[in-house]
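# A closer look at the structure
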Amino acid sequence: ETGVTQSPTHLIKTRGQQVTLRCSSQSGHNTVSWYQQALGQGPQFIFQYYREEENGRGNFPPRFSGLQFPNYSSELNVNALELDDSALYLCASSHGTSGSAWGEQFFGPGTRLTVL
Amino acid sequence: DAKTTQPNSMESNEEEPVHLPCNHSTISGTDYIHWYRQLPSQGPEYVIHGLTSNVNNRMASLAIAEDRKSSTLILHRATLRDAAVYYCILRVGNTPLVFGKGTRLSVIA
């Protein structure tokens, strides 16, 4: 059973640029959630996708957007990068039914984004 | 805001039991108590969860107070590999995980 993978591992961008982060779900999982973790803080929920549709969103501006593909892999896109976007971005997959994700979430190792 | 309160840090000797406390005085009847931990340079991983009764699994035990306003995660024999940040999270239904700052556990050899 393959776990959750994320790419790239590290990324450096400059303010104003756009970035795309990728996540492959664990086999059999149809729900993907994205979290942002600033240094020294716990992860903060960005949004969740279930069967290719966004079905939950945290307190993040619209320049944070995402996609989920038919194979349940996912992308997180961030436009107009700001210095405060520097963080570890975590993807988590789980198995949900009818939009609910009761099961435990399996996290990837994260992508470390640095914005200069 | 996180609805749980945990100590910032704790320390334990290797091979001794560790009791990690969590207060959740505003817990509702439908809140499940979840514990996740985050090892250095890794994403969080699920540890255990429960509603009212104490729970055991291969990783840990969860002791829940009778009034459910507090709980304790018990690691029966701490190893160096258990050094991590432990998060206590209340979760109901399909809500996302709401992480606080957690408890940083150090294990001394």
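Residues numbered from 1 in each chain as written. Chains lettered and ligands numbered in written order. Predicted model: local features only at pLDDT ≥ 70, side-chain atom pairs only at ≥ 80, totals over all residues. Heavy atoms only, no water.

### Some remarks on the pattern of salt bridges
Rules: Each salt bridge in this description consists of a side-chain nitrogen of Lys or Arg and a carboxyl oxygen of Asp or Glu lying within 4 Å of one another. Starting at the N terminus, helices and strands are each numbered in turn, a helix being any DSSP run of H or I of at least four residues and a strand any DSSP run of E of at least two. Here the term buried applies to any residue with accessible area under 20% of the maximum for its type, exposed to any over 50%, and partly exposed to those in between, with areas from a 1.4 Å probe on protein chains only.
Across all of its chains, the model carries eight salt bridges over all chains by this definition. Across the salt bridge formed by Glu75 of chain A and Arg22 of chain A, the nearest N and O atoms sit 3.6 Å from each other. Separated by 53 residues along the polypeptide, Glu75 of chain A in strand 8 (residues 74-78) and Arg22 of chain A in strand 3 (residues 19-24) bring together distant segments of the chain. Notably, a salt bridge pairs Glu45 of chain B with Arg37 of chain B, separated by 2.6 Å at the nearest N-O pair. The partly exposed category is assigned to Glu45 of chain B, whose relative accessible area is 25%. Look at Arg37 of chain B and you get buried, because its relative accessible area is 4%. Sharing partners across several salt bridges, the network here consists of Arg63, Glu82 and Asp85 of chain A.

### Description of the packing of aromatic side chains
The criterion, for reference: For Phe, Tyr and Trp, where Trp contributes only its six-membered ring, two rings pair if their centres lie within 6.5 Å, and the inter-plane angle classes them as stacked under 30 degrees, edge-to-face over 60, or tilted in between.
Here the structure, examined in full by the defined rule, presents 10 aromatic pairs over all chains. Note on Phe60 of chain A and Phe64 of chain A: the rings are 5.1 Å apart at their centroids and 65° apart in plane angle, and the pair reads as edge-to-face. Phe64 of chain A shares its class with Phe60 of chain A; the two are buried. With 6.1 Å between their ring centres and 80° between their planes, Phe107 of chain A and Tyr36 of chain B make a pair best called edge-to-face. Of this pair, Phe107 of chain A sits in strand 10 (residues 106-107) while Tyr36 of chain B sits in strand 3 (residues 32-38), which puts the two residues in different chains. Through a chain of ring-to-ring contacts, the aromatic side chains of Tyr35, Phe45 and Phe107 of chain A together with Tyr36, Tyr46, Tyr87 and Phe99 of chain B assemble into a single cluster.

### Examining the environment of Gly43 of chain B
Test applied: In this analysis, two residues are considered to be in contact whenever any of their non-hydrogen atoms come within 4.5 Å of each other.
For Gly43 of chain B, the position within the fold is in the loop between strand 3 and strand 4 (45-50). Classification of Gly43 of chain B as buried rests on a relative accessible area of 10%. Residues contacting Gly43 of chain B, with those up to four places away along its chain left out, are Leu90, Phe107, Gly108 and Pro109 of chain A together with Arg37 and Gln38 of chain B.

### Side note on the sheet that holds strand 6 (residues 61-64) of chain B
All names here are of chain B. Threshold: A pair of strands counts as paired when DSSP detects no fewer than two bridges linking them.
Strand order in this open sheet of four strands is 2-7-6-5, and the pairing throughout is antiparallel. Strands at the two margins of the open sheet, each flanked by one partner only, are strand 2 (18-23) and strand 5 (55-56). Looking at chain direction, strand 2 and strand 7 (residues 70-75) are connected through six bridges and run antiparallel. Opposite Asn23, over in strand 7, you have Ser70 as the bridge partner.

### Quick look at the pairing of strand 6 (residues 53-57) of chain A
All names here are of chain A. Pairing between strand 5 (residues 44-50) and strand 6: four bridges, direction antiparallel. Among the inter-strand pairings, Phe47 is bridged to a residue of strand 6, identified as Arg57. Between the antiparallel neighbours strand 5 and strand 6 lie two residues, among them Arg51 with a positive phi of about 45°.

### Remarks on the interface of chain A and chain B
Let me state the cut-off plainly: A simple way to read buried area is as the amount of 1.4 Å-probe accessible surface that goes missing from two parts once joined, with both sides added. Polar contact is defined as a pair of N or O atoms within 3.5 Å, subject to the rule that within protein one atom must be able to donate a hydrogen and the other to accept it, and that residues adjacent in sequence are counted only when both atoms are side-chain atoms. As a working rule, the residues Ala, Val, Leu, Ile, Met, Phe, Trp, Tyr, Cys and Pro are called nonpolar, Asp, Glu, Lys and Arg charged, and the rest polar, with Gly in that last group.
Counting residues at the interface gives 20 residues for chain A and 16 residues for chain B. In total, chain A and chain B occlude about 1400 Å² of area from one another, counting both sides; carbon and sulfur atoms represent 54% of this. The interface formed by chain A and chain B contains zero salt bridges. Counting across the chain A and chain B interface gives four residue pairs in polar contact (both at pLDDT 80 or more). Elements that contribute at least two residues to the side of chain A that touches chain B include exactly strand 4 (31-37), strand 5 and strand 9 (87-94) of chain A. Along the lines of polarity and charge, the residues of the side of chain A that touches chain B split into nine nonpolar, 10 polar and one charged.

### A word on unusual backbone geometry
At the junction of Ser7 of chain A and Pro8 of chain A, the peptide bond is cis and its omega measures out at -10° in the coordinates. Counting through the fold element by element, Pro8 of chain A comes out in the loop between strand 1 (5-7) and strand 2 (10-13). Phi at Tyr72 of chain A takes a positive value of approximately 75°, unusual for a residue other than glycine. Summarising the element assignment, Tyr72 of chain A is placed in the loop between strand 7 (64-68) and strand 8. With a phi close to 70°, Glu15 of chain B is a non-glycine residue in the positive phi region. Structurally, Glu15 of chain B can be placed in the loop between strand 1 (9-13) and strand 2.

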